[in-house]
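# Notes for the structure review
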Amino acid sequence: MTRMTTEQALTQALHEEMRRDARVLLLGEGAATKRPGLAREFGPARVRNTPLAEAIIAGTAVGAAASGLRPVIDLLFAPFLTYAMDALINSAGKLRYLSGGQCEFPLVALAMTGSGWCVGGQHNHNLEAMFVHAPGLQVLMPSTPADSKGLLKAAIRERNPVLFFIDLGLLHQEGEVADDPEEIVPIGVAALPRQGTDVTLVGYAKTVPVCLQAAAELEPHGVSAEVIDLRSLKPLDTACVLDSVARTGRLIVVHEASGLCGIAAELGALAASRAFGALRAPVVRITGPDAPAASSWALEQAAVPQAQAVVDAALGLMAEPLRRTPVVEDAWRAQA
Amino acid sequence: MTRMTTEQALTQALHEEMRRDARVLLLGEGAATKRPGLAREFGPARVRNTPLAEAIIAGTAVGAAASGLRPVIDLLFAPFLTYAMDALINSAGKLRYLSGGQCEFPLVALAMTGSGWCVGGQHNHNLEAMFVHAPGLQVLMPSTPADSKGLLKAAIRERNPVLFFIDLGLLHQEGEVADDPEEIVPIGVAALPRQGTDVTLVGYAKTVPVCLQAAAELEPHGVSAEVIDLRSLKPLDTACVLDSVARTGRLIVVHEASGLCGIAAELGALAASRAFGALRAPVVRITGPDAPAASSWALEQAAVPQAQAVVDAALGLMAEPLRRTPVVEDAWRAQA
Amino acid sequence: MNASPTQTLLRQFQTLLLIRSCEEQLVELNRQGAPDTCSSIGQEACAVGVIDALEARDRILTNHRSAAHLIARGADPKRLFAEVLGRVDGYCGGHSGTLHIAARELGVVLTSTIVGGELSLAPGVALAQKMGQGDPGAITAVFFGDGAACEGIFHEALNLAAQWQLPLLFVCENNQWQAYVHRLETMADNAITAWAEGHGIVTESIDGNDLEAVHAAATRAVAAIRADSRPRFLELRTYRLRGHSGQDDQAYVDAEELHHWQSRDPLRRLQQRLTEAGQLDPNTLEAMTREIRSRVEEAVAFAHASPWPDVAALIHPVYA
Amino acid sequence: MNASPTQTLLRQFQTLLLIRSCEEQLVELNRQGAPDTCSSIGQEACAVGVIDALEARDRILTNHRSAAHLIARGADPKRLFAEVLGRVDGYCGGHSGTLHIAARELGVVLTSTIVGGELSLAPGVALAQKMGQGDPGAITAVFFGDGAACEGIFHEALNLAAQWQLPLLFVCENNQWQAYVHRLETMADNAITAWAEGHGIVTESIDGNDLEAVHAAATRAVAAIRADSRPRFLELRTYRLRGHSGQDDQAYVDAEELHHWQSRDPLRRLQQRLTEAGQLDPNTLEAMTREIRSRVEEAVAFAHASPWPDVAALIHPVYA
Ligand SMILES: Cc1ncc(C[n+]2csc(CCOP(=O)(O)OP(=O)(O)O)c2C)c(N)n1
Ligand SMILES: Cc1ncc(C[n+]2csc(CCOP(=O)(O)OP(=O)(O)O)c2C)c(N)n1
Ligand SMILES: [Mg+2]
Ligand SMILES: [Mg+2]
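### A look at the coordination of the magnesium ion (ligand 3)
Residues and elements named next belong to chain C.
- Donor atoms from the polypeptide that bind the magnesium ion (ligand 3) are Asp 146 (OD), Asn 175 (OD1) and Trp 177 (O), placed at 2.1 Å.
- As a motif over one chain, the donors of the magnesium ion (ligand 3) read D-x28-N-x1-W. As far as the burial class goes, Asn 175 and Trp 177 line up, both buried.

Okay, structure coming up:
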């Protein structure tokens, strides 16, 4: 194990996979400039700066993937994906099916997302749920350097298109990362960084540490919280969530993306459908507001779900007479 | 009241609103060719054929809306919206907020969606939930000619950007439509086409008739089903749904769009959160499959939720011992 | 297999006839209730002229108006019709229907019905060729319309292909229409080649209703691409003699313009040319027509007899 | 208010100084922990030259690199700095931060930090003018970079503006860089004007570091647009003398190229020109510099003193 940041872990994953498989190439606006180590090792044919044109970067990746290459594209910030939607949603997500299985699209699209840099709503927009809703894609969003490396490696080896979201708030956080280049983290399997018996806290990316902190703060209150790190949003590890809720009977889902039709909505509905008999209290969603992200540091901070809101919600669920509605729903309201 | 199709009702709405307000204009690929009546009455400046370029059609609408006009754009089929995502999501949805309220965007984007024409997944993709998830937009999707007219008129008079989805499977269905040009249908208010006491069936667009049929079929079984037609997906009439669930204790949400992070997920989570105490049975989602839409008539039909699946689910919920998981979840599975 | 020029031309003429006949049949099937199709009646010489200039190792991308390209590349009308009718024996098992038919066995590798989608995908296919995937020296040809040239992706694709020196042949079938809009309502008259030339790409603008001219230009372009691995651009000036799709009555079309282009029908022109040169006699023509007619009838019967896909295909094959 | 040419030039010089000084201060604030900004140090003559050719009735759109445009249009550095720092007294109440600052009171109506976003919006603003919204005879100017010209929306915007004859001035500040990529890695040398000319739009390519040349060209273009309500296109050849944003160390930049452009710094050039013509003496310059310095310091103090937005602003004003 080596200690490194998420950024370093991602670069290491790219190095290892490009070494392993000559079909892997990296394309993006400044991909070569910003990863000079890769450019040096693999040369200008495999590490390419592109024109500033997300639609053709993504389209080219899709076309290349269908033709024997394994492109990784860096689309920078998640909102820029709006330019690449046709290639990703209509082509990568659909053409295998529509052609009756004649092609496959082993490609990875990287994008940074989330708060942390005060860049405002046209750079900071968590739109991962849109790609979960779209058919034919896989969507990853890890919370640790180790998972970032392991999942990116898995994604590059995948036969299907993967959207890989990097929480920029976590980019420079350090953690222990596996050295073995054959160690990957399987897609579709959630992590269980903390076990507990009273309430299930589900997060991904920057809300995983939030959930873990909340769990620690709940302990002195005598509340044992289990924490699930989804890591993979599609396929979603529904078995892990349902199993946990079956044991705890309480579910709180926490993410930075806005709530409407988000991942917390999906899991809330899932629990209400498949774990209804086990639920001992209302499902709680703690999410970002249904608004663009403001740049102002004060607002950016306020929009992110905080541990205190999770703690309050969990205590509320424990105290609440069975089957009553919860007090806290929106992180930012709780903090207001 | 006059009997007419949805298509006619929409055209009538456009006529009336363009007559009422000289700032309203219609842009689109073939907008003038396909609506010659409008072109004749309002001339080439206000009814414009555009180049085949969705991104600039949408961007132009956003720019024009911020500058005193009230554009209606016809983007044809919903999947083509993938080309217009930046203008709609990053500009129309965000720039009012990011500018601190300096501008507003009174525009309407029309798009046809859903099955009925065997056109396959690049024309038939119900992606309304993506726009519900995005901030700053409003999303409408009516089920009747009357609502189509009334809501389109309301949308054109709105001060905010509206995505108006037209279920092409309903385009040529007839219904009674109000004649009074001042009659609008307010945005954000669901309709309750049938009252009942045992189970709440929620649908929108083509699944409203499905729910109504199911309700009728449930009657002989002694099950009284309430039917909600959402009409407006954003703002969502949560009060109407919660009120109904508070009375019936059972919720089945039916839509053609795929389930993951869809409207049914949103309502399922809502009920599990805010109506938990009233829920007497698991929430059921009956949705299209998480797959692109096949063109083949046989598959297209099979993907659409059918009344029988709703009936089975409702009977299951009634029979089921309290708090057990339901049998039927996916329409297509039920029908397979 | 060294065919004489006459043999080649006769074979090409036969392919034109087969395309025309298939497309007319598809329009007729639509009239009877089958799904709508976008026929390329009037544009057949574009498909045949270009595709006959390609080799088996080359790759092709097309769009919503793909039947001519598929047939020119040797597609079996039976499987084509089955696909349009949504049956399991179609090229895509009925998933595609008419709008996104790919046939990798023929080298028609990706088809998008999102206008411009084919343009977004083509550079990647050519990049893979350039980077050693597929057969050495292979190139990619992408077919698209004048309407697609208005989409931003056209600009991006041209720029990438030029900058990265991709072995890519852009084939714009300028049929004067973009669904219900005449192209001159959307662009300047000579815009398409001007746009391509703005990217430093060598272009040719050709009478797309003259099969021999198209074939000659395509042959030149393909050779040039193989020689220097740089993109080339062909504008084929042609006309959509029927409506945008199935039952479009063309009420919005200028009768004189339509008449002008009807008189330049690529089939009749080639037929006349062959007849005048004594290379096609009425008996041969009749035999050809008969044979094609029976192939088309066979295709209809085959398609109708082909089963509907099983409902399990609703979610397969979404993922690999 | 009839200013003499010299007075005008001195005022413009002062604005250049103010922009430079503000941008350097923003870089310094970023070093101290304030949010990152994209400065246009080295490009100031583009902003001032063009914006001074516009009238109050005209409308402007800009992008991530907007400070120069805003200041040239008369923005108050106090409110600009407050916005960058995310405070309530900023032009957008702290919602925007540096990347999307609009100031309708100045006619800077829409700003998008999605590269190409400004290009998508500009035709609509010009269309509204053409259709009678706003002041008669008004035009729209849209500022964008050489990178934005690679986005497909550039092509779509040019085509629409040309076809619909919109009163729109395209101003491409070609600063040779697209974040971390040199533009010659993404396009041919003369590509930008070639692309615009492909749409039949009259273009001029101007030394963007020569304020007088920029101003003259912009004045011509604006007059031409007002005369015939057709778009015009200016390419302003300039250089981004600093990194893409805040603390970018420019390690990837060719030292010789940078040096070459440093020697063509638009401020020094105008200063030399004014000095040589006897229109600017050291005392005046010092007084100017002092005044600007104090305005900038005042702006910093104001911004720091301005309150953070209330948390209620998290969801207001999303809707009208
Ligand atoms: C992005 C997108 N916009 C609109 C359509 C609807 N549509 C299908 S074909 C067509 C016209 C295309 O014109 P052109 O590119 O010239 O091809 P042609 O149909 O003339 O062969 C249109 C507007 C579409 N399929 N995709
Ligand atoms: C769609 C999109 N892609 C990428 C970015 C990231 N980005 C911001 S500025 C920039 C470079 C823009 O280059 P150019 O248009 O030449 O403007 P300049 O920065 O040189 O003024 C990039 C890549 C973005 N903001 N939007
Ligand atoms: Mg055409
Ligand atoms: Mg630049």
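Read on, since the account is not over.
### Remarks on the pattern of salt bridges
- Applying the stated rule across the entire model yields 82 salt bridges over all chains.
- For Lys 234 of chain A, the salt bridge goes to Asp 290 of chain B, with nearest N and O atoms at 3.0 Å. Of this pair, Lys 234 of chain A sits in strand S12 (residues 232-234) while Asp 290 of chain B sits in the loop between strand S14 (284-288) and helix H12 (297-303), on two different chains.
- Notably, a salt bridge pairs Arg 183 of chain D with Asp 189 of chain D, separated by 2.7 Å at the nearest N-O pair.
- A relative accessible area of 3% means that Arg 183 of chain D is categorised as buried.

### Let's talk about the interface of chain A and chain D
- Each side of the interface is counted separately: chain A has 33 residues, and chain D has 33 residues.
- For the pair chain A and chain D, the summed buried area comes to about 2500 Å², and 70% of that belongs to carbon and sulfur atoms.
- Here chain A is connected to chain D by 0 salt bridges.
- Taken together, chain A and chain D are joined by 11 residue pairs in polar contact (both at pLDDT 80 or more).

### Looking at the interface of chain B and chain A
- Listed as interface residues are 59 residues of chain B and, on the opposing side, 60 residues of chain A.
- Summing both sides of the interface, chain B and chain A together bury roughly 5200 Å²; the carbon and sulfur share of this comes to 60%.
- Viewed at the interface, chain A and chain B are joined by 4 salt bridges.
- Taken together, the links from chain B to chain A amount to 24 residue pairs in polar contact (both at pLDDT 80 or more).
- Secondary structure elements with two or more residues in the side of chain B that touches chain A: helix H5 (85-92), helix H6 (95-98), helix H7 (128-133), strand S13 (251-258) and helix H11 (263-274) of chain B.
- Of all the elements, H11 of chain B adds the most residues to the side of chain B that touches chain A, at 10 residues.
- A per-class count over the side of chain B that touches chain A returns 33 nonpolar, 16 polar and 10 charged.

### Some points on the pairing of strand S13 (residues 251-258) of chain A
Residues and elements named next belong to chain A.
- Counting buried residues along S13, 8 of its 8 residues qualify, which places the element largely inside the surrounding structure.
- In this structure, strand S10 (residues 199-203) lies alongside S13, joined through 4 bridges in parallel fashion. Of the residues in S13, the one forming a bridge with Gly 203 is Val 254.
- As paired elements, S13 and strand S14 (residues 284-288) share 5 bridges and run parallel to each other. Looking at S14, one finds that Val 254 is bridged to Ile 286.
- Note that the unit made of S13, helix H11 (residues 263-274) and S14 has a crossover that is right-handed.

### Quick notes on the site of ligand 1
- Neighbouring ligand 1 are 21 residues, the closest being Glu 54 of chain B together with His 64, Arg 65, Gly 147 and Asn 175 of chain C.
- Mapping the residues near ligand 1 onto chains gives chains B and C.
- At 2.7 Å, a side-chain N or O of Arg 65 of chain C approaches an oxygen atom of ligand 1.
- About the coverage of ligand 1: the protein hides 96% of its 570 Å² of free accessible area.
- In terms of residue class, the shell around ligand 1 is built from 8 nonpolar, 8 polar and 5 charged.

### Description of the packing of helix H1 (residues 5-31) of chain C against helix H4 (residues 77-84) of chain C
All names here are of chain C.
- The interhelical angle for the contact between H1 and H4, taken along N-to-C directions, is 25°, at an axis separation of 12 Å. In terms of axis orientation, H1 runs roughly parallel to H4. As H1 packs across H4, the resulting crossing turns out to be right-handed. Counting all contacts with H1, which are made through Leu 18, Cys 22, Gln 25, Leu 26 and Leu 29, the residues of H4 involved are Pro 77, Phe 81 and Val 84.
- Within the contact of H1 with H4, the residues separate by chemical class into 7 nonpolar, 1 polar and no charged.

What counts and what doesn't
For every chain, the first residue of its written sequence is number 1, and the numbers climb from 1 along that sequence. All chains are assigned letters beginning with A, and all ligands numbers beginning with 1, in the order in which they are written. The model is predicted, so local features are restricted to residues of pLDDT at least 70 and side-chain atom pairs to those at 80 or more, both for listing and for counting; the totals for chains, interfaces and linings are taken over all residues. Note that the side-chain values use all heavy atoms of the structure and ignore hydrogens as well as water. Only nitrogen, oxygen and sulfur atoms count as donors, using a 2.8 Å cut-off from the metal that widens to 3.2 Å for Na, K and Ca. Water is left out, so coordination shells may look unfilled. Each residue gets one of three labels from its accessible area relative to the maximum for its type: buried under 20%, exposed over 50%, partly exposed in between, using a 1.4 Å probe on protein chains only. Salt bridge criterion: a side-chain nitrogen from Lys or Arg within 4 Å of a carboxyl oxygen from Asp or Glu. Secondary structure counts use DSSP, requiring at least four H or I residues in a row for a helix and at least two E residues in a row for a strand, with both numbered from the N terminus. A contact between two residues is defined here by any heavy atoms of the two lying within 4.5 Å. Two parts placed together each lose some accessible area; with a 1.4 Å probe, that loss summed over both constitutes the buried area. Distance and chemistry together define a polar contact, namely a pair of N or O atoms within 3.5 Å, with one atom able to donate a hydrogen and the other to accept it when in protein, and with adjacent residues in sequence counting only for side-chain atoms on both sides. Amino acids are sorted into nonpolar (Ala, Val, Leu, Ile, Met, Phe, Trp, Tyr, Cys and Pro), charged (Asp, Glu, Lys and Arg) and polar (every other residue, Gly among them). Strand pairing is defined by DSSP finding a minimum of two bridges between the two strands. Clockwise travel from the first strand over the helix to the second, with the strands pointing away from the viewer, marks a crossover as right-handed. Nearness here has a simple test: a residue counts as near a molecule or strand if at least one of its heavy atoms is within 4 Å of that partner. The method behind every accessible area is Shrake-Rupley, applied with a 1.4 Å probe, and residues are considered shielded solely by the protein chains displayed. Note on method: axes are straight lines fitted to C-alpha atoms, helices fitted across the in-contact stretch only, with angles between N-to-C directions ranging 0 to 180 degrees. For this classification, under 35 degrees means roughly parallel, over 145 means roughly antiparallel, 65 to 115 means roughly perpendicular, and everything else is oblique. By definition, any crossing whose near helix is turned counterclockwise from its far helix by less than a right angle is left-handed, and any crossing with a clockwise turn is right-handed.

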